[in-house]
Amino acid sequence: MKRRLQQGFTLIELMIVVAIIGILAAVALPAYQDYSVRAKVSELILAASSVRTCLTETYQANGSFPALASVASACSITPYGKVLGGGVSSVAASAVAVTVAGASSALGAPSNVSITMTGSAPAAGQTLTWRCSGTPAKYMPGSCRG
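Residues numbered from 1 in each chain as written. Predicted model: local features only at pLDDT ≥ 70, side-chain atom pairs only at ≥ 80, totals over all residues. Heavy atoms only, no water.

What follows deals with helix 1 (residues 11–62). Helix length check: helix 1, at 52 residues, gives a terminal C-alpha distance of 76 Å against a target of 76 Å (1.5 Å per residue), a fit within 8%. Of all the bends in helix 1, the largest measures some 25 degrees and sits at Ala28, one to four residues before the proline Pro30. Its buried side turned inward, helix 1 meets helix 2 (68–74), strand 1 (83–91), strand 2 (95–102), helix 3 (104–107), strand 3 (113–120) and strand 4 (129–135). Phi for Gly63, located one or two positions after helix 1, is positive at around 85 degrees. (Helix = DSSP H or I, 4+ residues; strand = E, 2+ residues; numbered from the N terminus. Expected span 1.5 Å × (residues − 1). Bend = angle between axes of the 7 residues up to and from the residue. Contact = heavy atoms within 4.5 Å.)

Here we take up the nonpolar core. Nonpolar side chains in soluble globular proteins generally cluster together in the buried interior. In this structure, Val41, Leu44, Leu55, Val100, Val113 and Ile115 are the most contacted members of the largest nonpolar core, which totals 30 residues. Where this core is concerned, the elements lending two or more residues are helix 1, strand 1, strand 2 and strand 3. At ten residues, the largest contribution of residues to this core is made by helix 1. For Val113, the contacting residues outside a window of four places in its chain are Val41, Leu44, Val100, Ala101, Gly102, Leu107, Thr135, Pro136, Tyr139 and Met140. (Core = buried A, V, L, I, M, F, W, Y, C linked by side-chain atoms within 4.5 Å. Buried < 20%, exposed > 50% of the residue type's maximum accessible area, 1.4 Å probe, protein only.)

Here we come to the state of the cysteines. Counted by the stated rule, this structure contains two disulfides. Cys54 shares a disulfide with Cys75; S-S distance 1.9 Å. Judged by the torsion about the S-S bond (-65 degrees), the Cys54/Cys75 disulfide is left-handed. Of this pair, Cys54 sits in helix 1 while Cys75 sits in the loop between helix 2 and strand 1; the two residues are 21 residues apart in sequence, bridging distant segments of the chain. In this structure, Cys54 and Cys75 share a single accessibility class: buried. The residue that forms a disulfide with Cys132 is Cys144, at a sulfur-sulfur distance of 1.7 Å. Measuring the twist about the S-S bond at about 75 degrees, one finds the Cys132-Cys144 disulfide to be right-handed. Here the residue Cys132 occupies a position in strand 4, and Cys144 occupies one in the segment after strand 4, the gap between them amounting to twelve residues. Residue class for Cys132 comes out buried when judged on its relative accessible area of 12%. (Disulfide = S-S within 2.5 Å.)

This part covers the sheet that holds strand 4. Across the sheet, four strands lie side by side as 1-2-3-4; this open sheet has antiparallel pairing. Strands at the two margins of the open sheet, each flanked by one partner only, are strand 1 and strand 4. Here the strands of the sheet are splayed against their neighbours by 15 degrees on average, with no regard to which way each runs. Where strand 3 and strand 4 come together, seven bridges link them in antiparallel fashion. Paired with Thr118 across the strands is Arg131, a residue of strand 4. (Pairing = 2+ DSSP bridges. Axes fitted to C-alpha atoms, helices over the stretch in contact; angles between N-to-C directions.)

What follows concerns the pairing of strand 3. Residues Val113, Ile115, Met117 and Gly119 of strand 3 are buried on one face, while the alternating residues Ser114, Thr116, Thr118 and Ser120, pointing to the opposite face, are not. In this sheet, strand 3 lies alongside strand 2 in antiparallel orientation, the contact comprising eight bridges. Paired with Val98 across the strands is Met117, a residue of strand 3.

In this structure the tally under the stated criterion is two salt bridges. Lys138 is paired through a salt bridge with Asp34; the nearest N and O atoms lie 3.9 Å apart. With Lys138 in the segment after strand 4 and Asp34 in helix 1, the pair connects residues that are 104 residues apart, well separated along the chain. Judged by its relative accessible area of 46%, Lys138 is partly exposed. For Lys82, the salt bridge goes to Glu43, with nearest N and O atoms at 3.9 Å. With Lys82 in the loop between helix 2 and strand 1 and Glu43 in helix 1, this residue pair connects regions lying 39 residues apart in the sequence. (Salt bridge = Lys/Arg side-chain N within 4 Å of Asp/Glu carboxyl O.)

Read these as geometric descriptors, not functional statements.
What follows is the structure in structure tokens.
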């Protein structure tokens, strides 16, 4: 009696492995693309953070926010990289909003992405608290999904 040793994989075993890899790739690729766009959106957060620092320093020095016209010149955002533009969009007595827009072509997103950082103080002279929000929500970093 001769005993025959197995010499490799059968065709069905190879097809099963290829099918499993295909299913994993179909699930992982969209998640990776969203993650990649989310990482690029962090550049928008950095642009808004510079204006946030400027506004916080102004608020702490004066106890209130200055007029929108003077804030726009002192605390501005220069379009660069993935940042399409932005700036201080509204100023109230105890609240301020900073909006930054990102170019969809530079971010790799299907639509334009924008973030808004809203600063508010419970009463005059108290510490500012900042809240981040944006659209579309699935591209926002964890700190902006609220």
